[in-house]
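What follows is each chain in one-letter form.
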Amino acid sequence: MILRTAATLLVSTLAMQLHAAPLSEKQIQFLGPIPTYNSIKPNNTAHQSKIILTLLPNLQSSSDTLSVFGKDIKWQSLADINALTLPGMQVLKFNFATTRFVQGKLKISGIKKAHVFLNGALLSGDESYDLNVATGDHQVIVIAEQVDNWNEVSVDYSPNSEHDLITLHNNDKVALSAKQLFDAPTISALSTSPNGRFYITTEQHYSDLSGNTPITETLLKQQNGTTVYRLDGVAANNIAWRNDSKQIAYAQDQQLKILNLNTMTTQVIAEKLDGASSFEYFDDSTLIFSWSNSPSDSNSLVKHYQGLEDRWSYARTNTQIYLLDINSGLINALTEGKLSHNLEDHDAKRNTILVSRTLQDYKAPPHMLTELLEIDLADGKQKQLGSYRTYNKARYAKDGLYIVAGPDFAGGIGKALPDGMLANNYDGQLFWLDRNGKNPKPLSKNFNPAIGEIKVLSNDDVVLLVTDKDTKQLYLFDKSKSHFKHIDTGLDVVDQFDTTDSSQADLLVAGTQATVPQQLKRISVSNNKANLLWDSQKLAYQNSEIAKLEEFNFTNKSGVEIKGRVYLPHDLDKTKRYPALVYYYGGTSPVSRAFTGRYPFNLWAAHGYVVYVLQPTGATGFGQEFSAQHVNAWGENTAQDIIDGTKAFTQTYSFVDPKRIGNLGASYGGFMTMLLATKTDMFSASIAHAGISNITSYWGQGWWGYLYSGEASKTSFPWNNPTLYSQHSPVFHADKVQTPLLLIHGDADTNVPPGESHNMYTALKILGRDVELIEYKGANHQILARDRRFQWWDTMLAYFDMHLKDQPQWWQSIYKK
């Protein structure tokens, strides 16, 4: 609940009388007159709306003054204004809180030219405006261009029902909002120079003005944070550094450019290299890059499939590796053929490159085969180092190769499992090969975190980004000691990182904590000393009330500890009973502790829900035996963990109402939601986003279904294990579903086709069950666009409010019948 103790007005009498009544002028702020150089008002120009919208962000801030043309104007109480009329524009602003979704009428009298904004969105109307707002804190701004008599100005609110209460307040702290979480500035890309003297960041944010288009800024900075160059339209992670840190290369406006960091002058070295990407310096005078060519489909009537991969829209794109001489502009192809080549690494001293290519080979899971090759550029000769079914990436070391792959790599030398147990090859491991691809050695066999990205330092030590339980952490692999050392970033989730090129490496790291927004830091590997460079909390969350986090673990029936965490509303009253939401994934990776994301746990807590997030059996990051439980299980162990975890959660948190618990998940988590609905009625409402209802149809129709099933259903197929494919598919047990279920899907989902939700919707409709289906037009597996994201978040909360709070008004407002 968001009930403000500092508020001076609770519109309770309005709810009883249900007619308009004035809001307290003491709670309404006034700003004006806003000075101008002449008497021309915005409405007398061709750019009225843009003039108003440009001013709006500064009016929304919590600052008590506004500086205009060198003059500071202070906000003051409307009750203190006695003027009949004032020149120029004036502004009214007030904040209010709601404890549920409310609807009512806002009436503004006495202002002839009013622009009324609710949370930054322009309201339509003439004196009377509809208010439809969810739980939380809200702000109304009224920009007035013409007022004949301020003594006749009034702001009234009329609720639609006795439930539609609002509370005016002037509190410094406000509840976390969806707009904050999506629009706030973030570091979307970063890069550091090899010597650490410079770094580059791409900062991104959104606004009502930009809509679905992010506002980005890429800046080249000195180590002390001073900006020395702006790189418009370029992402920091697409910039190549020369080894001596004196030059960078990047593509901008269809031109390939070189920037001299001593003189800050640019040189265009090539133009219109359509399809070229991933530029790197091979040596001081040469760039190496990938160049792709996508053939046009000449036959518009039919498509003759050339393999399982041909369902991918990019499958026929051919990518090869090229060298570009900076001085002459000459481009030379290094690879060719029908198979695309992926550049893994290069070694200018040996004049070699390391490339991989994927063969069409379905004989064994995961139904693909990767060849690793070394090419000597002096004579073009290729040496095959190996071919692997479980493979991720390879990097050069001084006298060998580092490989990231699954435990089954090189005949299973990376497995740390009981005999007969199948490995989960999504659990990344680190291996060593000699320069000829021989003598493989497992390096991380007894290291529980799952390895993802790696960067090899000049002394052959490796910085690794790993999944460590429900966190993303950095580790240093000390090659001389064959030892993994944790790098303390102070972050729960490292979003991205880069390293300088020395044995005493510095790291540039961006990431978040579960309840702390994104930060950018420079960290010394040698002493773990961190220097904070950028902090989004200070930029966008200073006045936000953020949920309290508690760890909550339990031991499952197999004696294994299942990790979890609980988000508590900031104004929790333990004498009351709260609805709760249970979230999980259940696939092969844990639910991240990131501050925000597609599923905003902190926002749900701000709406009055206690939120329990758990990491059921099968996830990577907890050791190989834990992740291997995912193979050929299809939810069996996972469902039991969720059921038992939810029971333990409600028993421990006595202020949670066990009769008002909702559950939700996406993708494999959507599959888990459907499966749970066939196994238990402990939940009062469920949401499955992009879930799998029929394992067979997902396996055969999803773009990557057969590849994922190569691990999740290893060695099992519909013809040799029909029981797994049918009896673990929720739609085959649809008659057991009693819980109200909301199915959400993007109608352009290529990962889990929308037919998976349609299967379950059809079954439950025929069975007469309580089921809803919402499709997002043009959306793929994730809801990414800003306008859709807000609508999607609203849809999920409105559905739970309807079933868990007995408040159907929000849902009915969104989906009017």
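The notes below deal with the structure included here.

1. Structural notes on the pairing of strand β50 (residues 610-614)
Thought 1: When you tally the buried positions in β50, you get 5 out of 5 residues, the bulk of the element.
Thought 2: The side-chain alternation of β50 yields two buried faces, one formed by Val610, Tyr612 and Leu614 and the other by Val611 and Val613.
Thought 3: Relative to β50, strand β48 (residues 564-568) runs antiparallel, the two sharing 4 bridges. Bridged to Gly564 within β50 is Leu614.
Thought 4: Pairing of strand β49 (residues 578-583) with β50 involves 4 bridges; the strand directions are parallel.

2. Description of the pairing of strand β23 (residues 265-271)
Thought 1: Of the pairings in the sheet, the one linking strand β22 (residues 255-260) to β23 comprises 6 bridges and is antiparallel in character. If you follow Ile258 over to β23, its bridge partner there is Gln267.
Thought 2: Connecting β22 to the next strand, β23, in antiparallel fashion are 4 residues, including Met264 with a positive phi near 55 degrees.

3. What about the packing of aromatic side chains?
Thought 1: Using the criterion set out here, one finds 51 aromatic pairs in the structure.
Thought 2: Seen from their ring centres, Tyr585 and Tyr668 are 6.3 Å apart, and the 65 degrees between their planes marks the pair as edge-to-face. Of the two residues, Tyr585 sits in the loop between β49 and α6 (601-606) while Tyr668 sits in helix α9 (residues 668-677), which places them 83 residues apart along the sequence.
Thought 3: When the centroid spacing of 6.4 Å and the interplanar angle of 55 degrees are considered together, the rings of Phe790 and Trp793 count as tilted. Residue Phe790 and its partner Trp793 are both found in helix α14 (residues 786-804); the two are separated by 3 residues, about one turn of the helix. Note on accessibility: Phe790 and Trp793 belong to one class, buried.

4. Digging into the sheet that holds strand β8 (residues 102-109)
Thought 1: Across the sheet, 4 strands lie side by side as β2-β13-β8-β11; this open sheet has antiparallel pairing. Looking at strand neighbours, the two that pair on one side only are β2 (21-22) and β11 (128-133), the edges of this open sheet.
Thought 2: Where β8 meets β11, 6 bridges bridge the pair, whose relative direction is antiparallel. By the bridge assignment for β11, Val102 is matched with Val133.

5. A word on α9
Thought 1: Most of α9 sits inside the fold, with 10 of its 10 residues counted as buried.
Thought 2: All buried positions along α9 are accounted for by Tyr668, Gly669, Gly670, Phe671, Met672, Thr673, Met674, Leu675, Leu676 and Ala677.

6. Regarding the pattern of salt bridges
Thought 1: If you walk through the whole model with that rule in mind, you get 28 salt bridges.
Thought 2: In this structure, the salt-bridge partner of Asp310 is Arg316, at a minimum N-O distance of 2.6 Å.
Thought 3: Residue classification places Asp310 among the buried positions, given a relative accessible area of 5%.
Thought 4: Ionic pairing is found between Glu374 and Arg435, a salt bridge with its closest N-O pair at 3.7 Å. Placement of the pair is Glu374 in strand β30 (residues 369-376) and Arg435 in the loop between β34 (429-434) and β35 (441-442), with a sequence separation of 61 residues.
Thought 5: Given the relative accessible area of 10%, Glu374 is considered buried.

7. Overview of the nonpolar core
Thought 1: The biggest cluster of nonpolar side chains holds 48 residues, and the ones touching the most others in it are Tyr583, Tyr599, Phe601 and Trp604.
Thought 2: The dominant element in this core, judged by the number of residues it contributes, is α14, at 10 residues.
Thought 3: Setting aside residues no more than four positions away along its own chain, Trp604 makes contact with Leu581, Tyr583, Tyr599, Tyr609, Val611, Leu664 and Leu797.
Thought 4: Among the nonpolar cores identified, the runner-up in size contains 39 residues, and Trp634, Ala639, Ala648 and Val656 belong to it.

8. Remarks on unusual backbone geometry
Thought 1: A cis amide bond links Gly32 with the next residue in sequence, Pro33, at an omega value of -10 degrees.
Thought 2: As for its placement among the helices and strands, Pro33 is situated in strand β3 (residues 29-34).
Thought 3: A cis geometry characterises the amide bond from Pro365 onward to Pro366, with omega recorded as 0 degrees.
Thought 4: Relative to the helices and strands, Pro366 is located in the loop between β29 (352-359) and β30.
Thought 5: Positive phi outside glycine occurs at Glu127, with the angle close to 75 degrees.
Thought 6: Take Glu127: it is sitting in the loop between β10 (121-122) and β11.

Quick notes on the rules
- Residues numbered from 1 in each chain as written.
- Predicted model: local features only at pLDDT ≥ 70, side-chain atom pairs only at ≥ 80, totals over all residues.
- Heavy atoms only, no water.
- Buried < 20%, exposed > 50% of the residue type's maximum accessible area, 1.4 Å probe, protein only.
- Helix = DSSP H or I, 4+ residues; strand = E, 2+ residues; numbered from the N terminus.
- Pairing = 2+ DSSP bridges.
- Phe/Tyr/Trp six-rings, centres within 6.5 Å; stacked < 30°, edge-to-face > 60°.
- Salt bridge = Lys/Arg side-chain N within 4 Å of Asp/Glu carboxyl O.
- Core = buried A, V, L, I, M, F, W, Y, C linked by side-chain atoms within 4.5 Å.
- Contact = heavy atoms within 4.5 Å.

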